[in-house]
Amino acid sequence: MTIAGGTDDGTVASFTARLAAKAAEFDARGRIDPDVIDELAASGLLGATVPERHGGPGYDDLAYGRLCATLGAACSSTRSLVTVHNMVAQAILRWGTDEQRDRWLPALASGETKAAFCLTEPETGSDGGAVATAVRPASDGWVVDGTKLWVTGGTTADVFLVIGRAEAGPVAVLVERDAPGVTIEPTGAVLGLRAAMLATVRFEAAPAPPDALVARPGFGWSHVAATALDHGRFSVAWGCVGILRSCLDVATAYALERHQFGDVIARHQLIRRLIADMETGHTAADALACDAAARRRDRDPSAIHATMVAKYFASGAAARAAADAVQILGAAGTGPHYPVERHFRDAKIMQIIEGSDQMQQLAIADHVLRGAG
């Protein structure tokens, strides 16, 4: 049996089992071992959504979602690296020129080139259309000036898709890591996704060649960034399905083994209520994520809305499930011997990234109200 593109399910299962065993160590050290990323690349998992015609495995939406759930259950930081890499690949695939696709997509598929997405700035978060990073024309291409925060995979990326502002409006530009004027600073300790190699990336008169602009000026936010973020929300929703599954499995196993007051705690009604809520949350999140995958497959115009709904619900359900799992495990759930402590921290980040809960609420309500008007 294979996942789309020819990657064997056994290969994925073997990789994620080893990843889960190392995830706490990666979290504590704040980085993922390079050989793990190399294995992701060699197996085709890093560039999973790159089409076969560009050298990738060509995962369809459901297969990619299931992959993100599997990675999310094992190590959300690793899932995040896969997410941002594919966000850049999808933006280039949708909006890049033939020359950009021919140059970048095979390299992203193989993992020879690792990509990161640069949007957030010191004064700009959810309002991505207000970015201040300047992209100016130069005699030999473009010059980029600005600072980007919270760049997932920023310490290891070879190329950055930078959302900036030109005279004609928002733009998206590809800037290579070794370009003069690019400075990368590790973010340091954070609440969750501690091994995702977050960085602050500074561009000080950093040059980019004439063909580095993805889509025309004015399309950087509304088209290029929107494509990347939609893909990111889809991946996060599925990653949360994985967190939910892991929390449910760990809490259930613990409740069946832990004795208190003369019986296993699984016999206690309040524990059973928490497990019931986890199961319900997982089932519902999985169903919403599958619905989003089906609509994306069918190119249904409602797919963007369905993805928002899935991400909003799944991230909240994952945060609740992780908190309940820690509660069931008690003191044992607060340390690194069980993954629920890490899931607790990571799940909170899921409610913030790729559009916070509050931004999703506004967008979902706008969609409903427009349809009713």
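Our structure is the block above this text.
Please read all numbers here as calculations on a predicted model, not as lab measurements.

Trainee: I'd like to hear about the overall build of the chain, residue by residue, with values.
Mentor: Counting secondary structure elements, the chain contains 10 helices and 11 strands. Its C-alpha atoms give the chain a radius of gyration of 21 Å, within 12% of the compact-globule value 21 Å for 373 residues. Projected onto its principal axes, the C-alpha coordinates of the chain cover approximately 80 × 55 × 45 Å. Relative to its full complement of 373 residues, the chain shows a buried share of 55%. Of the contacts formed within the chain by residues at least 6 apart in sequence, a portion of 72% connects residues at least 24 apart. Surface summary for the chain: the accessible area is close to 16,000 Å², and the carbon and sulfur share equals 55%. Looking at charge distribution, the chain has the averaged site of its 34 positive side-chain charges lying 4 Å from that of its 43 negative ones.

Trainee: Explain the side chain of His 231 to me, using residue names and the numbers behind them.
Mentor: Residue placement: His 231 occurs in helix α6 (residues 220-257). Residue His 231 is classed as buried on the basis of its relative accessible area, which comes to 6%. A polar contact of 3.3 Å, which involves the side chain of His 231, links it to the side chain of Tyr 64.

Trainee: Quick one: what's the story with the packing of helix α7 (residues 269-297) against helix α8 (residues 303-329), residue by residue and with numbers?
Mentor: Two quantities define a packed helix pair, namely the angle between the axes and the distance from one axis to the other. Two elements in contact, α7 and α8, have axes whose closest approach is 9 Å; the angle formed by their N-to-C orientations is 160°. Classified by the interaxial angle, the pair formed by α7 and α8 is roughly antiparallel. Crossing handedness for the pair α7 and α8: left-handed. By residue class, the composition of the contact of α7 with α8 is 19 nonpolar, 2 polar and 4 charged.

Trainee: How would you explain the packing of aromatic side chains if you had to name every residue and give the values?
Mentor: In this structure the tally under the stated criterion is 4 aromatic pairs. Taken together, a centroid distance of 6.2 Å and an interplanar angle of 80° make the contact between Phe 160 and Phe 203 edge-to-face. Here Phe 160, found in strand β6 (residues 159-166), pairs with Phe 203, found in strand β9 (residues 199-208); they are 43 residues apart in sequence, far enough to count as distant. Classification of Phe 203 as buried rests on a relative accessible area of 1%. Measuring from ring centre to ring centre gives 5.8 Å for Tyr 254 and Tyr 338, while their planes differ by 90°; the resulting arrangement is edge-to-face. Here the residue Tyr 254 occupies a position in helix α6, and Tyr 338 occupies one in the loop between α8 and α9 (340-350), the gap between them amounting to 84 residues. Classification of Tyr 254 by relative accessible area gives buried; the value is 11%. For Tyr 338, a relative accessible area of 30% gives the class partly exposed. Geometry around Trp 95 places Arg 94 over its ring, the cationic atom sitting 3.9 Å from the centre. Note that Arg 296 overlies the ring of Phe 234, its terminal NZ or CZ placed 4.5 Å from the centroid.

Trainee: Residues and numbers for unusual backbone geometry, please.
Mentor: The phi dihedral of Leu 193 is positive, around 50°, even though this residue is not glycine. The residue Leu 193 is located in the loop between β8 (182-186) and β9 in this model. Even without being glycine, Met 197 reaches a positive phi, approximately 50°. One can find Met 197 in the loop between β8 and β9. Taking the relative accessible area as the measure of exposure, Met 197 reaches 6% and is therefore buried.

Here is what the cut-offs are and how they apply
In this numbering scheme, every chain counts its residues from 1 along its sequence in written order. A pLDDT threshold of at least 70 governs which residues receive local features in this predicted model, and a stricter bar of 80 or more applies before side-chain atom pairs are shown or counted, although totals over entire chains, interfaces and linings include all residues. Excluding hydrogens and water, the side-chain figures rest on all heavy atoms present in the structure. Counting from the N terminus, the helices are DSSP H or I runs at least four residues long and the strands are E runs at least two residues long. Throughout, radius of gyration means the C-alpha value; the globule benchmark is 2.2 Å times the number of residues raised to the power 0.38. The rule is simple: take the accessible area with a 1.4 Å probe, protein chains only, and divide by the maximum for that residue type; under 20% is buried, over 50% is exposed, in between is partly exposed. The contact rule is simple, with two residues in contact once any of their heavy atoms fall within 4.5 Å. Only the protein chains shown count as cover for residues, and the accessible areas themselves come from Shrake-Rupley with a 1.4 Å probe. Counting rule for charge: Lys and Arg are taken as positive, Asp and Glu as negative, and neither His nor the chain ends is counted. Each charge is placed at NZ for Lys, CZ for Arg, CG for Asp and CD for Glu. A 3.5 Å cut-off defines polar contacts: any pair of N or O atoms within that distance qualifies, except that in protein one atom must be a possible hydrogen donor and the other a possible acceptor, and neighbouring residues in sequence count only when both atoms are side-chain atoms. To define axes, lines are fitted to C-alpha atoms, for helices over the stretch in contact only, and angles between the resulting N-to-C directions are given on a 0 to 180 degree scale. The cut-offs work like this: below 35 degrees is roughly parallel, past 145 is roughly antiparallel, 65 to 115 is roughly perpendicular, and the gaps in between are oblique. Left-handed describes a crossing whose near helix is turned anticlockwise from the far helix by less than a right angle; the clockwise case is right-handed. Under the scheme applied here, ten amino acids are nonpolar (Ala, Val, Leu, Ile, Met, Phe, Trp, Tyr, Cys and Pro), four are charged (Asp, Glu, Lys and Arg), and all others, including Gly, are polar. Each aromatic pair joins two rings of Phe, Tyr and Trp (for Trp, the six-membered one) with centres within 6.5 Å, and gets the label stacked for planes under 30 degrees apart, edge-to-face for over 60, and tilted for any other angle. Only Lys NZ and Arg CZ are tested; either one counts as a charge over a ring when it is within 6 Å of the ring centre and within 35 degrees of the ring normal.

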